[in-house]
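The primary structure of each chain is shown beneath.
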Amino acid sequence: LFAGISIGEYLSLYFAGILTLDETIDLVLKRSKILYDENKINPGFMISIYGYNIKNFKKIIKSKNLKKYTKISLIFSNYFFCISVTKKVFKRLINILALKGINFTIIKNNGPWHSSLILKTKKKIEKLINSYNYKFNNRMLSNYTGKKHKNLKDLKKNLIHQTFNVIRWDKNLDYIEKNFDYFSSPFSVKTIQKI
C-alpha cells in the first residue's frame, strides 16, 4: 500500500504502478505550475499550527471574521494541522495567534494550497488529471477520504478534491494503524512514528 501527503499522493501514482515515472513527473510539474500561477494572482501562505485544538481554532477565526480567508488545509491530528491563509489577512492572523500563545510556523511562498482559496484553478486541474492513461489498482490511500480508491473514477475525483479541500492525513494514519502490523516511512514524522 502506498500513501503520501499532498504531492506525495501524486508521486504514489508511480510507486503503485498507476502511471509511468515520466507521466507522474509530468503531472506533478504541470499541477505545480497551475497552482504556482494561481498563487501569483491570489497570494497566500500556509501556517503550521501545533499544540492547539482544531475546534478552538475554528472558533477563533469565526469570532474574528476570518473564516472566509483562513482555511484548514492539512490535518495530522487534532493538535497538529496546517492552515491556508490569504496574504490580505496574513499579518492580522499571526498577530492573533501570537497574542493567544498558539504555537505556529509560517511556511512562506508555499501558496494557500488544499483549500477553496484556489478554487479558480479547478477546471484546469480537472482537465490535467483526466488527460492521463491510468492503470488502476487499489494500492493507494486517498488524502481526501483516508481510504483506498474504489475505481478509476473515484481515484481521479479524489485527486481533484485533495487539491481544493483539507487533506485528512489523520484518517490515513488511522487506516494504516487499524489494518497493518508494520509501517515504514523514509521520514521521521512524529505522528507516523507512534504507529
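It should be emphasised that the depicted structure is a prediction, and the values quoted were computed from it without experimental measurement.

### Some details on helix α1 (residues 7–15)
Logical step 1: Taken together, the buried positions of α1 are G8, E9, Y10, S12 and L13.
Logical step 2: Packed against the buried residues of α1 are α2 (21–41), α5 (122–129) and α6 (152–164).
Logical step 3: Two residues or fewer past α1, G17 is found with a positive phi of approximately 80°.

### Details of the pattern of salt bridges
Logical step 1: Scanning all chains against the criterion turns up five salt bridges.
Logical step 2: Put simply, D154 and K157 hold a salt bridge, and the shortest N to O gap is 3.5 Å. Highlighted residues: D154 and K157, both in helix α6, separated by three residues, approximately one helical turn.
Logical step 3: Exposure remark for D154: the relative accessible area of 11% places this residue in the buried category.
Logical step 4: With a closest N to O distance of 2.7 Å, D170 and R168 form a salt bridge.
Logical step 5: Exposure remark for D170: the relative accessible area of 13% places this residue in the buried category.
Logical step 6: Among the ionic contacts, a cluster of salt bridges with common partners joins K33, D37 and K40.

Rules behind the numbers
Residues numbered from 1 in each chain as written. Predicted model: local features only at pLDDT ≥ 70, side-chain atom pairs only at ≥ 80, totals over all residues. Heavy atoms only, no water. Buried < 20%, exposed > 50% of the residue type's maximum accessible area, 1.4 Å probe, protein only. Helix = DSSP H or I, 4+ residues; strand = E, 2+ residues; numbered from the N terminus. Contact = heavy atoms within 4.5 Å. Salt bridge = Lys/Arg side-chain N within 4 Å of Asp/Glu carboxyl O.

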